[in-house]
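These are the residues of each chain, in order.
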Amino acid sequence: MKRCLNLLPALLLLTALGFTAQQDEDAMLLRRAEKLHDKIVSIDTHTDTALALTGDSVDLAKVQADFAKLREGRIDCCFYPVFVDQGPLEDASRDSAYLWTRGRMEAIRAYIEARPREARIALGPEDVVKNKKRHRLSLVMGIENGYPIGRDLGRVKDFYDLGTRIITLSHNYDNDICDASRYPQNTWGGLSPFGKDLVKEMNRLGIIVDCSHASTSTLYDCLELSKAPVICSHSCVYAIKDHPRNLTDDEIRAIAAKGGVIQVTTGRWALSWLPSPQVDIGVFCDHVEYIRNLVGVEYVGIGTDFDGGGGMKELEDASRMKYITVELMRRGWTDRELELFWGGNFLRVWRAVEKAAETAK
Ligand SMILES: [Zn+2]
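All figures in this text were calculated on a predicted structure; none of them were measured in a lab.

1. Observations regarding the environment of A52
Note on placement: A52 falls in helix 2 (residues 49-53). A relative accessible area of 25% means that A52 is categorised as partly exposed. Each C-alpha atom of the pair A52 and A239 lies 32 Å from the other, and the pair is 187 residues apart in sequence. If sequence neighbours within four positions are ignored, A52 has contacts with V58, V63 and D307.

In structure tokens, the structure reads:
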């Protein structure tokens, strides 16, 4: 017993030394991550922050992806689409959703334009690169759920003129455009006839086709019809969590084969069946690595869904984004792989969407 007691201080010292070494390594990795983010373009392709920032009473402390937190997390470009709740498929409801969406888009535009030294609206990939050089954030307009387009293609141009560069075709219910993944009534068996015209119009204007929330048949119709790559702005891997919103291996392969990208989302609902306290950055990185191993690092990125159900342990808001880089560095990711994951892949897709629009003209 006495001998054990003699050993105790030595054991405590060794534990403390081990702990300090771990802390030193963490601090070193964080410095390396921040340095890398200074050099590369880091993009989050989906949040619901537009609505969170333009509500009646905004408490910035509760907003997950406001400007200050994006900067702290080393994010250069964040998508601020307007999320649209779906009403009945009737003209009166479609029309009021259209006017409401325009109003909210004008409100978030005004919010950004009132802060020109901090941030700018980006209308294309080169704006993102330019804003990064000038130490300004880029925000991208869009719509989550094409419901307010109704059955009027002219509205797509209206939204484009307001800055829209991405449209998530549906939310959880089938709409005039297509079938959704969560409640598969299979109204259209994929894209509706109007939805097919819409995808062509989006190609013509240079708007990114986003199939997160869409059904499998909608995704395959888009992949067949679209002249440009197709993305999922916030979706995870079905093989890890068998949730209908997630993507099967075949879907992931098909998106990659068309040159698109899968932007992995961060909500526990998509990541794991485990209880919340056990779902952390490691689980998120498992989804990212699954896609990399299946189709290659050129086809994976991130769309957090902050302020709309995204975020989990260790990634409570955008200020923590750089810790994803720390975890991937720990797993042996190279700087080049991280550059592709954070924005290189998405910029490639966005440039291809612009090129397809130019070719169409
Ligand atoms: Zn969503």
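Once you've had a look at it, read on.
2. A look at the packing of helix 5 (residues 125-133) against helix 13 (residues 335-360)
Interhelical geometry of helix 5 versus helix 13 gives an angle of 135 degrees and a closest axis separation of 9 Å. Between helix 5 and helix 13, the angle is such that the two are oblique. When helix 5 is examined against helix 13, the residues P125, E126, V128 and V129 are found in contact with a partner set consisting of L347, W350, R351 and E354. Grouping the amino acids of the contact of helix 5 with helix 13 by side-chain chemistry returns five nonpolar, no polar and three charged.

3. Section: the coordination of the zinc ion
Summarising the metal site, the zinc ion is bound by the protein donors E144 (OE), H213 (NE2) and H234 (NE2), whose distances to it range over 2.0 to 2.2 Å. Along the chain, the residues that donate to the zinc ion are spaced as E-x68-H-x20-H. On the criterion of sequence distance, the pair formed by H213 in the loop between strand 6 (208-210) and helix 8 (216-225) and H234 in the loop between strand 7 (231-232) and helix 9 (249-257) is long-range, its members being 21 residues apart.

4. A closer look at the side chain of T49
Turning to its location among the elements, T49 is positioned in helix 2. Side-chain polar atoms of T49 contact the side chain of D307, separated by 2.6 Å. Among residues more than four places away in sequence, those in contact with T49 are V63, A65, D66, Y80, F306 and D307.

5. Considerations on the packing of aromatic side chains
Enumeration over the complete set of coordinates arrives at eight aromatic pairs. Seen in terms of ring centroids, F79 and F346 are 5.3 Å apart; in terms of plane orientation they differ by 90 degrees. Their pairing is edge-to-face. With F79 in strand 2 (residues 77-83) and F346 in helix 13, this residue pair connects regions lying 267 residues apart in the sequence. Note on accessibility: F79 and F346 belong to one class, buried. Summarising the aromatic geometry, the rings of Y98 and F159 are spaced 5.5 Å apart at their centres and angled 70 degrees between planes, so their arrangement reads as edge-to-face. With Y98 in helix 4 (residues 91-113) and F159 in helix 6 (residues 154-161), the pair connects residues that are 61 residues apart, well separated along the chain. Put simply, the rings of F67, Y80 and Y111 pair up and form one aromatic cluster. Of note, R155 hangs over the ring of Y98, and the distance from its end group to the ring centre comes to 4.3 Å. A cation over a ring is seen here: R320 above Y323, with NZ or CZ 4.0 Å from the ring centre.

6. Section: the side chain of D66
With respect to the helices, strands and loops of the structure, D66 is situated in the loop between helix 2 and helix 3 (67-72). At 2.8 Å, the side chain of D66 and the side chain of K69 are in polar contact. If we ignore the near neighbours within four places in the chain, the residues touching D66 are T49, L53, L60 and Y80.

7. Re a nonpolar patch on the surface
A cluster of nonpolar residues, L7, L8, L11, L12, L13, L14 and L17, forms a patch on the protein surface that exposes about 730 Å² of accessible area. Looking at where L11 falls in the secondary structure, it is placed in helix 1 (residues 2-39).

8. Quick look at the pairing of strand 4 (residues 137-144)
Buried residues dominate strand 4, accounting for eight of its eight residues. Burial of the side chains of strand 4 extends over both faces: L137, L139, M141 and I143 are buried on one face and S138, V140, G142 and E144 on the other. Note that strand 2 and strand 4 share seven bridges and pair parallel. Bridge pairing links P81 to G142 in strand 4. Across three bridges, the pairing between strand 3 (residues 119-121) and strand 4 is parallel. For R120, the partnering residue across the bridge sits in strand 4 and is S138. Remark: the strand 3/helix 5/strand 4 crossover connection has right-handed handedness. You can see the chain leave strand 4, run along helix 6 and come back into strand 5 (residues 164-168), and the turn it takes is right-handed.

Rules and cut-offs
Residues numbered from 1 in each chain as written. Predicted model: local features only at pLDDT ≥ 70, side-chain atom pairs only at ≥ 80, totals over all residues. Heavy atoms only, no water. Helix = DSSP H or I, 4+ residues; strand = E, 2+ residues; numbered from the N terminus. Buried < 20%, exposed > 50% of the residue type's maximum accessible area, 1.4 Å probe, protein only. Contact = heavy atoms within 4.5 Å. Axes fitted to C-alpha atoms, helices over the stretch in contact; angles between N-to-C directions. Parallel < 35°, antiparallel > 145°, perpendicular 65-115°, else oblique. Nonpolar A, V, L, I, M, F, W, Y, C, P; charged D, E, K, R; others polar. Donors = N, O, S within 2.8 Å, 3.2 Å for Na, K, Ca; no water. Polar contact = N/O pair within 3.5 Å; in protein donor to acceptor, adjacent residues only side chain to side chain. Phe/Tyr/Trp six-rings, centres within 6.5 Å; stacked < 30°, edge-to-face > 60°. Lys NZ or Arg CZ within 6 Å of the ring centre and 35° of its normal. Patch = residues over 30% accessible without salt bridge, like charges linked within 9 Å, V, L, I, M, F, W, Y side chains within 5 Å. Areas by Shrake-Rupley, 256 points an atom, 1.4 Å probe, with all protein chains shown as cover. Salt bridge = Lys/Arg side-chain N within 4 Å of Asp/Glu carboxyl O. Pairing = 2+ DSSP bridges. Right-handed = clockwise from strand over helix to strand, strands pointing away.

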